[in-house]
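Fold and geometry: a report
Each chain, written out:
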Amino acid sequence: MIEALRHALALIGAGDPTLIEIVALSLQVSLSAVLGAALLGLPLGAAVAVARFPGRRTLIVLLNALMGLPPVVVGLAIYLLLSRAGPLGEAGLLFTPGAMVIAQTVLILPIIAALSRQAVEDAWVEYEEQLRSLGVEGVSAALTLLWDIRFSLLTAVLAGLGRASAEVGAVMIVGGNIDGVTRVMTTAIALETSKGDLPLALGLGIVLILIVIALNAGAYLIKEAAQRRYG
Amino acid sequence: MASILPLALHELSFRVHGRRIIDRISVEIERGSSTVILGANGAGKSVLMRLMHGLLVPSSGRIAWNDADARRVRRAQAMVFQQPVLLRRSALANVSFALAAAGLPAAERASAALEALRSVRLSALADRPARTLSVGEQQRLALARAWALHPEVLFLDEPTASLDPGATREIERVIRAFSAAGTKVVMSTHNLGQAKRLGDEILFLHEGRLAERAPVDRFFTRPASAEAEAFISGELPWT
Amino acid sequence: MDLKKLLALPLLALAALAAAPAPAQDRYIVVSSTTSTENSGLFKHLLPMFKARSGVEVRVVAQGTGQALDMGKRGDCDVVFVHNKNAELKLVQEGWFVDRHDVMYNDFVIVGPKSDPAKIAGSKDVVAAFKKIAAASAPFASRGDKSGTHSAELRLWKAADTKPAGGWYRETGSGMGATLNTAAGMNAYALTDRGTWLSFKNRQDLTIVVEGDKRLFNQYGVMLVNPARHAHVKQAEGKAFIDWLVSAEGQKAIAGYQIGGEQLFFPNAAR
């Protein structure tokens, strides 16, 4: 364990270009996935929260359940889609960072949708009468709510980011862990583990955790400052 | 353009789980005077207001405005609730939001919003985040937002129930000003003093029924119904 | 077709997000190979040389041999570089691959605990060693994953006339490194290629117990995915890689790869 910590500090201190490349790609992939999932999932969650339609409760249960999608299953499904033998093979996306973004977006979309649905539904209780009185309903109401509770939604987004940066199953299958092209922190850790270099693997793991902590801390501070300003 | 008033309620009922919250109310709300809906807590005042404003659907009976155009009827009303619900934006932006929802073109919104804030003496706080204002200021802002739409009918559901006497006085001043400017005020309260100060006519609700309807002076000096009499004498005179 | 395009559009938009900062079209090929080859570090040594020579980047996706061959059949790569000659030749015959060449060989070794419960240390007869392991019911960690190593292992069990089964025979279903981790943790025997072993850092109590038997010979082959089956295959670049591997320069580069002064792979392309 001490050796792992030593490795971690050495890695960070040395500024090894390979490590920087891997970290940069990890952030790029996961942040892109979070962006994509937020663009799709926040409106989806808000719509389900505000609208009333047959099968709504089933959809809510489904969204909640899909939060637990196994990453390796998502990876496999996307692989089959993007494989040359599959329907979207011509796009040539397999084993590129693009495929990894797609897989992670699919993986975390339910998380962001389900959590935002909960947040918007809670807010709807407070806002519904006033908004309806002003003639604001449907899509307009959903978007208004989304913007108004934007700081609470940050938690949902961070949950998605956490899931994306932590998973290895999906990116390994659709990315192929290609050195210099699709190797991210989690797949690098898996590789070093399989080579038996456990202290290095653990060291990389500590670096990953530190990065995620830093991202979360930053987001929290932003949220605090904004809440103080906007009330 | 014709007014959306009078509003006719005919045998209006509202039931929840079999319980009658509003029990066969028939009444006509006319132009001109300000109407105060008075009653104890649980009498059905808030539910009646929401039925009239269209936020609730009646279980039976009819609500008929003087205009067949549902959109115009909706646009000609506004409501202020007991707890102000404001967006996480500036005070001015909250009013602009309502104006935008009503379809006012962008170029006219800013000046209309500022004018509304001026009418409730909140101009100085125009750029402050609405949610950082005091409760009294927030309620004034809610009033400004409602009035900015120049509604024909302004519903107010116990607007000062959460406020201290100073803020209450300020809100009452604004309401009186709106009423004087021609807006039909329909307000619910359980506060006798406020009813006397602001109402021209009283609709007294008791357990979901319209127990009595009278001009304000007659209601307080010679209440016709036993329930009204009991209610009036139960309240302390200085509230 | 329209539905596919509708589905593709948002996916491509997402992919564009990730692709954006990446440099535009480097020439590259995708080569599927095995984890043992990747873990040995051979590619890190070879590929920069090939890139300098040809300008083509080689992207290696490392899996078990079985998966690597399946990937080639699906057309998800351009070249396959594995170590299961029987399977490779069969697939060439069936028309999935073309242009197959022997490239190099290395050997397998049996590693095991220093305590050596099956008493096979120092033996030069791998088949007899396997018989003894089964007889002693000594713990044995198998890859169990359709890999070249796994196929070699199964051939040896067959030669030893033994069906490995029972609590002592553990199939990990994973790569060489992971299987060695398991073996180290369980103090079990395992069959591994020398390359992976030499770069494996988590040996704990394990050491080489049997080596040198000709039957532990492990032949590597390279072949191109048949363009007749998959028109998108990068024929020219793929062929360039294959040609380089079997050329004098490539073969010399392979021989030049060492760990701790030891050569791992022995070039044997036909001339």
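Residues numbered from 1 in each chain as written. Chains lettered and ligands numbered in written order. Predicted model: local features only at pLDDT ≥ 70, side-chain atom pairs only at ≥ 80, totals over all residues.

Our focus in this paragraph is the overall build of chain C. Assigned secondary structure in chain C consists of 11 helices and 12 strands. For 271 residues, the compact-globule estimate of 2.2 N^0.38 gives 18 Å, and the C-alpha radius of gyration of chain C, at 20 Å, lies within 12% of that figure. In terms of overall dimensions, chain C has a C-alpha envelope of 60 × 45 × 40 Å along the principal axes. Looking at chain C as a whole, 47% of its 271 residues qualify as buried. (Helix = DSSP H or I, 4+ residues; strand = E, 2+ residues; numbered from the N terminus. Rg over C-alpha atoms; globule rule 2.2 N^0.38 Å. Buried ≥ 20, exposed ≤ 12 C-beta atoms within 10 Å, placed from the backbone.)

With that out of the way, let us pick up the overall build of chain A. Scanning chain A from N- to C-terminus turns up 10 helices and 0 strands. Order of helices (α) and strands (β) in chain A, N terminus to C terminus: α-α-α-α-α-α-α-α-α-α. The principal-axis extents of the C-alpha atoms in chain A amount to approximately 65 × 50 × 25 Å. Looking at chain A residue by residue over its 231 residues, the buried ones come to 49%. Relative to all contacts within chain A whose residues are 6 or more apart in sequence, the contacts with residues 24 or more apart total 79%. (Contact = placed C-beta atoms within 7 Å.)

With 15 residues of chain B at the contact, the number on the chain A side is 13 residues. Looking at the side of chain B that touches chain A, the elements that each hand over two or more residues are strand E5 (77-80) and helix H3 (91-101) of chain B.

To continue, consider the domain arrangement of chain C. Residue and element names in this part refer to chain C. Here chain C is partitioned into domain 1 (29-105 + 219-267) and domain 2 (106-216). Here the C-alpha centroids of domain 1 and domain 2 sit 26 Å apart. With 21 residues of domain 1 in contact, the opposing surface of domain 2 contributes 16 residues. Among the secondary structure elements, those contributing two or more residues to the side of domain 1 that touches domain 2 are helix H2 (35-40) and helix H4 (65-74). With 4 residues, H2 is the single largest residue contributor to the side of domain 1 that touches domain 2. (Domains from an automatic or database assignment.)

Further remarks concern the interface of chain A and chain C. Contacts between chain A and chain C engage 31 residues on the former and 30 residues on the latter. At 7 residues, helix H5 (residues 97-133) of chain A tops the list of elements feeding residues into the side of chain A that touches chain C. Of the residues belonging to the side of chain A that touches chain C, the class tally is 17 nonpolar, 10 polar and 4 charged. (Nonpolar A, V, L, I, M, F, W, Y, C, P; charged D, E, K, R; others polar.)

Residue and element names in this part refer to chain B. In space, the 6 strands of this open sheet follow the order E5-E6-E7-E3-E8-E9, with mixed pairing throughout. If you trace the sheet from one side to the other, it starts and ends with E5 and strand E9 (209-215), each paired once. Across the sheet, the mean angle from the axis of one strand to that of its neighbour is 15°, orientation sign disregarded. Relative to strand E6 (residues 153-157), E5 is paired through 4 bridges, and the arrangement is parallel. Across the sheet, residue Ala78 finds its bridge partner in E6, namely Leu154. Contacting E5 and E6, helix H5 (residues 135-148) runs over the sheet at an angle of about 175° to E5. (Pairing = 2+ DSSP bridges. Axes fitted to C-alpha atoms, helices over the stretch in contact; angles between N-to-C directions.)

Our next topic: the packing of H5(A) against helix H7 (residues 150-166) of chain A. Two quantities define a packed helix pair, namely the angle between the axes and the distance from one axis to the other. Residues and elements named next belong to chain A. For the pair H5 and H7, interaxial distance at closest approach is 9 Å and the crossing angle is 155°. Comparing their axes, H7 and H5 come out roughly antiparallel. Between H5 and H7 lies a crossing of right-handed hand. Two secondary-structure elements touch here, H5 through Gln104, Leu107, Ile108, Ile111, Ile112, Leu115, Ser116 and Ala119 and H7 through Ser152, Leu153, Ala156, Val157, Ala159, Gly160, Arg163 and Ala164. Classifying every residue of the contact of H5 with H7 gives 11 nonpolar, 4 polar and 1 charged. (Parallel < 35°, antiparallel > 145°, perpendicular 65-115°, else oblique. Left-handed = near helix turned anticlockwise from the far one by under 90°.)

All names here are of chain C. Within helix H8 (residues 176-186), 8 of the 11 residues are buried, which leaves the element mostly enclosed by the surrounding structure. Buried within H8 we find Met176, Gly177, Ala178, Thr179, Leu180, Asn181, Ala183 and Ala184. Looking one or two places after H8, you find Asn187, whose phi comes out positive at around 50°.

This brings us to unusual backbone geometry. Here B:Leu5 and B:Pro6 are connected by a cis peptide whose omega angle stands at 10°. By the element assignment, B:Pro6 lies in the segment before strand E1 (7-16). One non-glycine residue, C:Gln204, lies in the positive phi region at around 50°. The class for C:Gln204 is partly exposed, based on 14 C-beta atoms found within 10 Å.

To continue, consider the environment of C:Gly175. Relative to the helices and strands, C:Gly175 resides in the loop between strand E6 (169-171) and H8. By the C-beta count within 10 Å, which is 26 here, C:Gly175 ends up buried. Placed 76 residues apart in sequence, C:Gly175 and C:Asp99 show a C-alpha to C-alpha distance of 27 Å. In this structure C:Gly175 touches A:Ser194, C:Thr35 and C:Gly64, once residues within four positions along its chain are discounted.

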